[in-house]
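# Coordinate inspection notes
Now for the letters of each chain:
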Amino acid sequence: MRIDFDPQTMGTAAFYKLLTAVVVPRPIAWVSTVSPDGFVQNLAPHSFFTVACVSPPVVQFTSVGRKDSLRNIEATRQFVVNLAPEHLFEQVNATATDFPHGVSEFDQVGIAREPSRVVKPPRVAASPVALECELHSTVLLGDSTVVFGRVVHAAVSEAVLVDGHPDVRKLRPLSRLGKDEWGTMGEVLEISRIPYADWPDGVN
């Protein structure tokens, strides 16, 4: 037996909690930006994040409400998506604190930064992957804004490469679940896709 949930009668907050509990695990875009005047460097995790396009390479994340990350990106048209690894779990969570406008999460949480290669926002020095992005476009959906960023440079730590390719067992990415729950690396399953030409006869 299933229990029915109606978003029209539940209300936004209640249905949001349901959605984020069942759309799991969600990868985290740890987004670094700079203020329009260049003086404040911000860092915030966004768990509505994925790849949007391959050619050109575009990633997307959603800003729920108008936060500093979104305002900075709209003004400067640049940002960096830093991978959120397990060993920085507490720091990633701390950067989600609702610090006042004009306060740098880098400084408040004590996170080391490093210069980016192509864009102005800094990278998280301890993150194994940084995707430097230029704003492609945004789409407003209700109370949220989907941000599309064209990846103009990727920097990957040698320590997480195996035969020149990032290895998820070394990346150890965090993910978001429901409520205050976070996901870490569990068992990794591997299986190849079956081409139709090799599909067994008589199998539906």
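Presented here is an overview of the structure given in this document.

Analysis parameters
- Residues numbered from 1 in each chain as written.
- Predicted model: local features only at pLDDT ≥ 70, side-chain atom pairs only at ≥ 80, totals over all residues.
- Heavy atoms only, no water.
- Core = buried A, V, L, I, M, F, W, Y, C linked by side-chain atoms within 4.5 Å.
- Buried < 20%, exposed > 50% of the residue type's maximum accessible area, 1.4 Å probe, protein only.
- Helix = DSSP H or I, 4+ residues; strand = E, 2+ residues; numbered from the N terminus.
- Pairing = 2+ DSSP bridges.
- Axes fitted to C-alpha atoms, helices over the stretch in contact; angles between N-to-C directions.
- Patch = residues over 30% accessible without salt bridge, like charges linked within 9 Å, V, L, I, M, F, W, Y side chains within 5 Å.
- Areas by Shrake-Rupley, 256 points an atom, 1.4 Å probe, with all protein chains shown as cover.
- Salt bridge = Lys/Arg side-chain N within 4 Å of Asp/Glu carboxyl O.
- 1 Å grid on protein atoms, 1.4 Å probe; cavity = no way out; pocket = protein on both sides within 12 Å on 5 of 7 lines; lining within 4 Å.
- Points joined across faces, edges and corners; volume = space filled by probe spheres on them.
- Nonpolar A, V, L, I, M, F, W, Y, C, P; charged D, E, K, R; others polar.
- Phe/Tyr/Trp six-rings, centres within 6.5 Å; stacked < 30°, edge-to-face > 60°.
- Lys NZ or Arg CZ within 6 Å of the ring centre and 35° of its normal.

Attention shifts here to the nonpolar core. If you look at the biggest cluster of nonpolar residues, it comprises 18 residues, and the most contacted ones within it are Phe61, Phe79 and Val81. At the level of secondary structure, the elements contributing two or more residues to this core comprise strand S2 (29-34), strand S5 (58-64), helix H3 (68-76), strand S6 (78-83), strand S9 (129-141) and strand S10 (144-156). Of the residues forming this core, the biggest block, 4 residues, is contributed by S9. In this structure, Trp30, Leu88, Phe106 and Ile111 belong to the second largest nonpolar core, which totals 11 residues.

What follows deals with the sheet that holds S2. Strands sit in the order S3-S2-S6-S9-S10-S5-S4 across an open sheet of 7 strands; the sheet is antiparallel. Since the sheet does not close on itself, it has two edges, and those belong to strand S3 (41-46) and strand S4 (49-53), each with one partner. This sheet shows a mean twist of 35 degrees between the axes of neighbouring strands, independent of strand direction. Looking at chain direction, S5 and S10 are connected through 7 bridges and run antiparallel.

Bringing unusual backbone geometry into the picture now. Here the bond from Val24 into Pro25 is cis, since omega is -10 degrees, no more than 30 degrees from zero. Inspection of the secondary structure puts Pro25 in the loop between helix H2 (12-22) and strand S1 (26-27). For the peptide bond that leads from Ser55 to Pro56, omega is 5 degrees, which places it in the cis range. Inspection of the secondary structure assignment puts Pro56 in the loop between S4 and S5. In the Ramachandran plot, Arg77 falls in the positive-phi region, its phi being about 65 degrees despite a non-glycine side chain. Within the secondary structure, Arg77 sits in the loop between H3 and S6. With relative accessibility at 45%, the residue Arg77 sits in the partly exposed group. Positive phi, normally seen in glycine, also occurs at Lys179, with a value near 50 degrees. As for its placement among the helices and strands, Lys179 is situated in the loop between strand S13 (175-176) and strand S14 (182-183). A relative accessible area of 67% means that Lys179 is categorised as exposed.

A contiguous nonpolar surface patch, about 440 Å² in accessible area, is contributed by Met1, Ile3 and Phe5. Structurally, Phe5 is set in the segment before helix H1 (7-10).

Quantified by volume, the largest pocket comes out at close to 770 Å³. If you go around the largest pocket, you meet 33 residues; those closest to its centre are Ala44, Pro45, His46, Lys67 and Ala96. Of all the secondary-structure elements, those providing two or more residues to the lining of the largest pocket are H2, S3, S5 and H3. The biggest single contributor to the lining of the largest pocket is S3, with 5 residues. In terms of residue class, the lining of the largest pocket is made up of 12 nonpolar, 12 polar and 9 charged. Roughly 660 Å³ of internal volume is contained in the second largest pocket.

Tallied over the entire structure, the rule returns 3 aromatic pairs. Ring geometry for Tyr16 versus Phe48: centroids 6.4 Å apart, planes at 50 degrees, classification tilted. Separated by 32 residues along the polypeptide, Tyr16 in helix H2 and Phe48 in the loop between S3 and S4 bring together distant segments of the chain. What makes Tyr16 partly exposed here is its relative accessible area of 42%. Judged by its relative accessible area of 29%, Phe48 is partly exposed. With a centroid separation of 5.6 Å and an interplanar angle of 75 degrees, the aromatic rings of Phe61 and Phe79 are classed as edge-to-face. One end of the pair, Phe61, is in strand S5; the other, Phe79, is in strand S6, with 18 residues separating them in the sequence. Geometry around Trp182 places Arg176 over its ring, the cationic atom sitting 4.8 Å from the centre.

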